[in-house]
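Commentary on secondary and tertiary structure
Single-letter residue listing:
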Amino acid sequence: MFGVPWWTLLGSGADWPAAVFVTGTVVFAAALVGFPLSMYLGHRRDGRDWAAKIGDTTLGVIWVLLVWSVIGQVLGLALSGVDDPLRARLTAGFVLLAAVGLLTWGYTEAMRTPRVKRVDVTIARLGKDLDGTRLVVVSDTHYGPLDRARWSARLADAVNSLSADIVCHAGDIADGTAERRKDQAAPLGTVQAGLAKVYVTGNHEYFSQAQGWLDHMAGLGWEPLHNRHIVVQRGGARLVLAGVDDAIAEASGIEGHGADLGQALSGVDTDLPVVLLAHQPKQIRQAIGQVDLQISGHTHGGQIWPFHYLVRLDQPSVHGLTSHGDRTQLYTTRGSGFWGPPFRIFAPSEITLITLRSEMS
């Protein structure tokens with residue numbers, strides 16, 4: 001990750017003045033040494049936020065430099081008629097300009113209030129009285145080392161402006177315990193919904209005292225769907241809202257935690273439509289044929305291009321609405337916040353407004 005950018009910017013025949021070469025090499029060496037140390041200090045259980053900020057930012061910067069260094073080297077082949085050092089300097093200049101521009105834009109995208117993405121989802125068995133139900137999804141808020149309390153307040157205001165019937169938080173609420181991140185999460189207590197506000201754990205809760213987050217969200221007025229369901233009703237139509245723990249919950253060793261769809265759907269009237277919250281899209285494998293719509297997050301849409309290609313190796317969907325079997329649909333949100341590196345590049349954050357439609361409408 002560090003070697004290819006160093007070679008592209010400094011060592012591939014550009015023949016920079018000694019002061020430029022030495023200074024650049026020192027910067028790369030300091031980053032190479034400091035990166036694992038800052039990540040260790042910042043992301044252990046008692047991590048230090050200042051270290052996490054340094055490590056996370058370094059990770060984002062070096063990933064972008066790596067990707068665009070490779071692209072720059074490939075494009076440099078088109079300059080075969082140009083001799084070094086000019087060709088190497090042109091390649092280095094392209095990579096540096098691209099990286100600075102993308103990182104500046106990516107930081108702005110990460111810090112902005114998420115855009116609202118509107119999606120209609122038809123559920124065959126949805127009763128007519130629930131046709132048009134407005135279901136708002138937030139996910140992957142990842143409250144963490146950067147204090148985003150004001151961003152969180154803007155997020156809550158944006159959700160409330162949508163006049164939701166149901167609001168879902170699909171997990172990865174924070175990096176850190178509820179006690180540590182409670183000020184950033186506090187605006188979630190102001191979110192309003194006509195029928196229900198529901199929440200499930202993501203994988204990051206299992207690094208940060210998951211039960212504490214379930215209890216804290218309950219205290220903020222949300223229904224934690226810890227392998228359980230509730231039923232909402234309008235007129236004569238009813239809808240099951242179910243939720244399961246994250247896919248890694250059982251491996252976390254926390255007693256009483258582990259995704260259990262059977263328990264979540266226990267006692268459900270099989271004639272009723274089911275919306276399931278499950279943090280990771282790959283949890284759809286257990287849900288096919290048992291639920292009508294699964295809502296997931298986790299992928300961030302890749303967050304920093306082209307990382308989504310790697311995400312796709314682990315998950316059946318990176319973003320959007322997909323069909324699985326005859327009955328089941330999956331909506332994967334890009335998420336509302338970001339993990340780690342404070343950048344979003346070609347993977348914008350979102351608040352999703354899903355309008356549920358009945359075939360009878």
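First things first, this report covers the structure right here in the doc. (Residues numbered from 1 in each chain as written. Predicted model: local features only at pLDDT ≥ 70, side-chain atom pairs only at ≥ 80, totals over all residues. Heavy atoms only, no water.)

What to know about the packing of aromatic side chains
For clarity, the threshold we go by: Classification of ring pairs uses Phe, Tyr and Trp, with its six-membered ring standing for Trp, and accepts pairs whose centres are within 6.5 Å; under 30 degrees between planes counts as stacked, over 60 as edge-to-face, and the remaining range as tilted. The helix and strand labels rest on DSSP assignments: H or I over at least four residues marks a helix, E over at least two residues marks a strand, and numbering proceeds from the N terminus. Throughout, exposure labels follow a simple rule: accessible area from a 1.4 Å probe, protein chains only, divided by the maximum for the residue type, with under 20% read as buried, over 50% as exposed, and the rest as partly exposed.
Taken as a whole and judged by the stated rule, the model has nine aromatic pairs. Between the aromatic rings of W6 and F21, the centroid separation amounts to 5.9 Å while the plane-to-plane angle is 65 degrees, which identifies the pairing as edge-to-face. One end of the pair, W6, is in helix 1 (residues 3-11); the other, F21, is in helix 2 (residues 18-43), and 15 residues separate them in sequence. Take F21: its relative accessible area is 31%, and that puts it in the partly exposed class. Ring centres 6.2 Å apart and planes at 90 degrees place the aromatic pair W305 and F346 in the edge-to-face group. Residue W305 is found in the loop between strand 9 (293-296) and helix 10 (308-311), and its partner F346 is found in the loop between strand 11 (328-332) and strand 12 (350-358); the two are separated by 41 residues along the sequence.

Examining the sheet that holds strand 6 (residues 228-234)
Our working definition: In this description, strands pair whenever DSSP reports at least two bridges between them. Fitted lines through C-alpha atoms serve as axes, helices being fitted only where they are in contact, and the angles separating the N-to-C directions of these axes extend from 0 to 180 degrees.
Pairing in this open sheet of six strands is mixed, and the strands run 6-7-8-9-11-10 from one edge to the other. Strands at the two margins of the open sheet, each flanked by one partner only, are strand 6 and strand 10 (320-324). Direction aside, neighbouring strands of the sheet carry axes that sit 20 degrees apart on average. Of the pairings in the sheet, the one linking strand 9 to strand 11 comprises four bridges and is parallel in character. Across the sheet, I295 pairs through a bridge with Y331, a residue of strand 11.

Notes on helix 4 (residues 86-111)
Turn by turn, an α-helix covers 3.6 residues, leaving residues three or four places apart pointing in a common direction. Stated formally: One fewer than the residue count of a helix, multiplied by 1.5 Å, yields its expected span. In this analysis, two residues are considered to be in contact whenever any of their non-hydrogen atoms come within 4.5 Å of each other.
Over its 26 residues, helix 4 extends 38 Å from the first C-alpha to the last, a length consistent with the 38 Å expected when each residue adds 1.5 Å. For helix 4, every residue scored as buried is listed here: A88, T91, A92, V95, A98, A99, L102, L103, G106, E109, A110 and M111. Elements in contact with the buried residues of helix 4: helix 1, helix 3 (49-76), strand 1 (115-123) and helix 5 (149-160).

Description of helix 6 (residues 178-185)
Applied cut-off: To be clear, the arc concerns the directions from the helix axis to the C-beta atoms.
Among the residues making up helix 6, those that are buried are A178, R181, Q184 and A185. All buried residues of helix 6 project into a common sector of 110 degrees when viewed along the axis, lining one side. Away from its buried face, by an angle of more than 90 degrees, helix 6 presents the exposed residues E179 and D183. Buried-residue contacts for helix 6 involve helix 3, helix 5 and helix 7 (210-219).

Focus on the packing of helix 1 against helix 3
For the record, the criterion: Reported orientations rely on four angle classes, namely roughly parallel under 35 degrees, roughly antiparallel over 145, roughly perpendicular from 65 to 115, and oblique for the rest. Left-handed describes a crossing in which the near helix is turned anticlockwise from the far one by less than a right angle; the clockwise case is right-handed. Basically, the charged four are Asp, Glu, Lys and Arg, the nonpolar ten are Ala, Val, Leu, Ile, Met, Phe, Trp, Tyr, Cys and Pro, and anything else, Gly included, counts as polar.
At their nearest, the axes of helix 1 and helix 3 sit 8 Å apart, and the two run at 55 degrees to each other. Relative to helix 3, helix 1 is oriented oblique. Crossing of helix 1 against helix 3: the hand is left-handed. Contacts between helix 1 and helix 3 involve V4, P5, W7, T8 and L9 from the former and I62, L65, L66, S69, V70 and Q73 from the latter. Class assignment for the residues of the contact of helix 1 with helix 3 results in eight nonpolar, three polar and no charged.

A short note on the sheet that holds strand 2 (residues 133-138)
Strand order in the open sheet made by the six strands is 1-12-2-3-4-5, with mixed pairing throughout. Two strands close off the open sheet at either side, each with one partner strand: strand 1 and strand 5 (223-224). Relative to strand 4 (residues 196-199), strand 3 (residues 166-169) runs parallel, the two sharing four bridges. Bridge pairing in strand 4 links C168 to V198.

Let's talk about the pattern of salt bridges
Quick reminder of the rule: Just to be clear on terms, a salt bridge is a Lys or Arg side-chain nitrogen sitting within 4 Å of an Asp or Glu carboxyl oxygen.
For the coordinates displayed, the defined rule picks out 15 salt bridges. Notably, a salt bridge pairs R181 with D49, separated by 3.0 Å at the nearest N-O pair. With R181 in helix 6 and D49 in helix 3, this residue pair connects regions lying 132 residues apart in the sequence. Judged by its relative accessible area of 5%, R181 falls in the buried class. Between R334 and E350 there is a salt bridge whose closest N-O contact spans 3.6 Å. Residue R334 is located in the loop between strand 11 and strand 12, and its partner E350 is located in strand 12; the two are separated by 16 residues in the primary sequence. Owing to a relative accessible area of 21%, R334 belongs among the partly exposed residues under this scheme.

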